[in-house]
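Secondary and tertiary structure notes
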Amino acid sequence: MTASAPSASPLRVGLIGAGLIARQHLLAMSRLPDVQAMGIASRTRAKAEALASEFAVPLVADSPEELVRQARPDALMVLVSPQAMAGMAFACLSFGLPLFLEKPVGLSVAEAEDVARAAETSGARTMVGFNRRHYSVFRQGLEKIRERGRLLAVHVEGNERMAVARATGRFSDEVLRAWLFANATHTIDLLRHFGGEPEQVFSLCASLREPLGDQFSACLRFRDGALGSYTANWHSPGGWGVVLKGEGVTVEFKPLETGRVAYADGATLTLEPEPDDQGVKPGFVGQLRAFARLARTGVLDAPSQSLAGALLTMRLAGQLAAEPRPLG
Ligand SMILES: NC(=O)c1ccc[n+]([C@@H]2O[C@H](COP(=O)([O-])OP(=O)(O)OC[C@H]3O[C@@H](n4cnc5c(N)ncnc54)[C@H](OP(=O)(O)O)[C@@H]3O)[C@@H](O)[C@H]2O)c1
């Protein structure tokens, strides 16, 4: 199934930010007839106008306040640059609307704590865009593990491509310095997604060039007893991957968008992404459906994360990067 059944009145959504990821969210929205983009506000009006015209969004506003006043949205999606996310999140909490916030909501644990605290005080319904949690191959892979028994271990490989990130020229120095929170949290979050909350974390971190570390090796024990590992080497080719270990079964996602199952008797199986994850950025339709349900009912279903959940991922990132030693 790719689309929700239309309901009497579509959810009216306002978008803040008109960049690459706003476009991906609008593509996902085109799959869900019961979610409609009613307006866009961004810093550069011309970019917002181009995006609005491409997706037939009826309003372009010069500020979030004007967006809320004129488009009368039921919910907002905050899709601005990483360095602007925390400030924009604070500003949008005052509207009292359900908020979808792209990751990272803050470039440090302290910033994420401030935003999460403010959201809790205001009682806002929030969801943070860890879209990989919504990959259909991840759900299928976990089912294959549970069909055979318990999840025994979660191994995450989170190699970032720092040279590529720098070469694009798209990221400010502030964001590059905080890359651990700005981008590496995508794979760090997968430790919590698959394993639950870690009870013990033993981490080693070294730095070739990056101030918060760029070489990571960690062992974890999750609350239900499963073990985990996290390795990342940001200046060496490798990419992102996850391996799940079960009773007589191993599931590998590498690259993350693909899944392979191997059984103890030698049998193997390929996991196919479901239609929701084809032709759009994977996980985006699933997370949008989850956000629409949050906005309509107040219920945030697993595996989605609120600001409070995202804060736990930010704190785990901080633990993995504790006391980086220079490599010389
Ligand atoms: N989930 C994922 O896989 C994924 C992937 C990529 C990015 N992201 C996240 O999505 C967010 C946006 O990334 P992007 O790639 O779309 O970046 P982008 O292409 O640079 O777009 C950012 C947009 O936000 C606008 N903006 C920046 N500061 C603003 C402010 N203070 N007020 C209003 N608008 C502001 C920018 O305006 P201008 O047009 O004036 O520049 C631009 O339209 C980031 O937080 C990023 O971490 C998530």
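Residue numbering note: each chain is counted from 1, following its sequence as written. In keeping with the predicted nature of the model, local features appear solely for residues at pLDDT of at least 70, side-chain atom pairs appear and are counted solely at 80 or more, and the whole-chain, interface and lining totals rest on all residues. Water and hydrogen atoms were dropped before computing side-chain values, which therefore reflect all heavy atoms in the structure.

**Notes on the sheet that holds strand S2 (residues 35-41)**
Between any two strands, pairing holds if DSSP finds at least two bridges. Comment: elements are numbered from the N terminus, with helices defined as DSSP H or I runs of at least four residues and strands as E runs of at least two. One open sheet holds the six strands; their spatial order is S3-S2-S1-S4-S5-S6, and the pairing between them is parallel. Each end of this open sheet is capped by a strand with a single partner; those strands are strand S3 (60-61) and strand S6 (126-128). In this sheet, S2 lies alongside strand S1 (residues 11-16) in parallel orientation, the contact comprising six bridges. Directly across from Leu11, in S2, lies its bridge partner Val35.

**Looking at the site of the ligand**
Here, proximity means that at least one heavy atom of the residue falls within 4 Å of the molecule or strand. Close to the ligand lie 25 residues; Ile21, Arg43, Thr44, Lys103 and Arg170 are nearest. Side-chain atoms alone can form a polar contact between residues adjacent in sequence; in general such a contact is a pair of N or O atoms within 3.5 Å, and within protein one must be able to donate a hydrogen while the other accepts it. Note that an oxygen atom of the ligand is positioned 3.4 Å from one of the backbone N or O atoms of Gly19. Here an oxygen atom of the ligand and a backbone polar atom of Val80 are 3.0 Å apart. Only helix H1 (20-29) and helix H4 (82-93) provide two or more residues apiece to the shell around the ligand.

**Let's talk about the packing of helix H10 (residues 185-195) against helix H12 (residues 307-320)**
Each pair of packed helices gets described by two things: the angle between the helix axes and the distance between those axes. With axes taken as lines fitted to C-alpha atoms, and helix axes fitted only over the stretch in contact, angles between N-to-C directions fall between 0 and 180 degrees. Packing of H10 against H12 brings their axes to within 9 Å, and their N-to-C directions diverge by 105°. Between H10 and H12, the interaxial angle falls into the category roughly perpendicular. The residues of H12 that touch H10, namely those facing Thr185, Ile188, Asp189, Leu191 and Arg192, are Gly309, Leu312, Thr313, Met314, Leu316, Ala317 and Leu320. Under the scheme applied, nonpolar residues are Ala, Val, Leu, Ile, Met, Phe, Trp, Tyr, Cys and Pro; charged residues are Asp, Glu, Lys and Arg; polar residues are all the others, including Gly. Considered class by class, the residues forming the contact of H10 with H12 number seven nonpolar, three polar and two charged. Any angle that is under 35 degrees is reported as roughly parallel, and any over 145 degrees as roughly antiparallel; angles of 65 to 115 degrees are reported as roughly perpendicular and all others as oblique. By definition in these notes, contact holds between two residues if any of their heavy atoms fall within 4.5 Å.

**A few points about the domain arrangement of the protein**
Domain start and stop points were drawn from an automatic or database domain assignment. Domain annotation of the protein identifies domain 1 (11-130) and domain 2 (132-280 + 306-326). Taken together, the contacts link 24 residues of domain 1 with 26 residues of domain 2. Accessible area that two parts lose when put together, with a 1.4 Å probe and added across both, is what the buried area reports. Between domain 1 and domain 2, the buried area comes to about 2000 Å², and carbon and sulfur atoms account for 70% of it. A salt bridge links Arg315 to Glu113, with the shortest nitrogen-to-oxygen separation between them at 3.2 Å. By definition here, a salt bridge exists when the distance from a side-chain nitrogen of Lys or Arg to a carboxyl oxygen of Asp or Glu is within 4 Å.

**Things to note about the pattern of salt bridges**
Applying the stated rule across the entire model yields 17 salt bridges. Where Asp62 meets Arg45, a salt bridge forms, and the shortest distance between an N and an O atom there is 2.9 Å. Highlighted residues: Asp62 in the loop between S3 and helix H3 (64-71) and Arg45 in helix H2 (residues 45-54), separated in sequence by 17 residues. Between Glu197 and Arg192 there is a salt bridge, with the nearest N and O atoms lying 2.8 Å from each other. Type-normalised accessible area, obtained with a 1.4 Å probe on protein chains alone, sets the label of each residue: buried when under 20%, exposed when over 50%, and partly exposed for intermediate values. Take Arg192: its relative accessible area is 7%, and that puts it in the buried class. Three or more residues are tied together by salt bridges with common partners; here these are Arg133, Asp189, Arg192 and Glu197.

**Overview of the nonpolar core**
Soluble globular proteins tend to pack their nonpolar side chains together in the buried interior. Only buried residues count toward a nonpolar core, which is a set of Ala, Val, Leu, Ile, Met, Phe, Trp, Tyr and Cys residues joined through side-chain atoms within 4.5 Å. In terms of nonpolar packing, the biggest core is built from 77 residues, with Leu180, Phe194, Tyr230, Leu244 and Phe253 touching the most fellow members. It is H12 that contributes the most residues to this core, seven residues altogether. When residues of this core are sorted by domain, at least three fall in each of domain 1 (11-130) and domain 2 (132-280 + 306-326). With residues near it in sequence (within four places) discarded, Tyr230 still touches Val156, Gly158, Ala184, Thr187, Ile188, Leu191, Phe216, Ser217, Ala218, Leu220 and Leu320. Of all hydrophobic cores here, the second largest spans 31 residues; its members include Val13, Met29, Ala52 and Val57.

**What to know about the sheet that holds strand S8 (residues 198-207)**
With mixed pairing, nine strands are arranged side by side in an open sheet as S14-S13-S12-S11-S7-S10-S9-S8-S15. A strand with exactly one partner marks an edge of an open sheet, and here the two such strands are strand S14 (268-271) and strand S15 (325-326). In this sheet, strand S10 (residues 227-233) lies alongside strand S9 (residues 215-222) in antiparallel orientation, the contact comprising seven bridges. Looking at S10, one finds that Arg221 is bridged to Leu227. Across the sheet, H10 lies against strand S7 (151-158), S8, S9, S10, strand S11 (240-246) and strand S12 (249-253), angled at about 175° from S7, the strand it touches most. Across the sheet, H12 lies against S8, S9 and S10, angled at about 50° from S8, the strand it touches most.

**Notes on unusual backbone geometry**
The amide bond that connects Lys254 to the next residue, Pro255, takes the cis arrangement and shows omega of -5°. Structurally, Pro255 is set in the loop between S12 and strand S13 (259-263). Following Ala302, the chain continues into Pro303 via a peptide bond in cis, with omega recorded as 10°. By the element assignment, Pro303 lies in the loop between helix H11 (284-297) and H12. At Arg72, a residue that is not glycine, the phi angle is positive and equals roughly 45°. Relative to the assigned elements, Arg72 resides in the loop between H3 and strand S4 (75-78). A residue is classified by how much of its surface remains accessible, and Arg72, at 57% relative accessible area, is exposed. The phi dihedral of Glu323 is positive, around 50°, even though this residue is not glycine. Locating Glu323 in the fold gives a position in the loop between H12 and S15.

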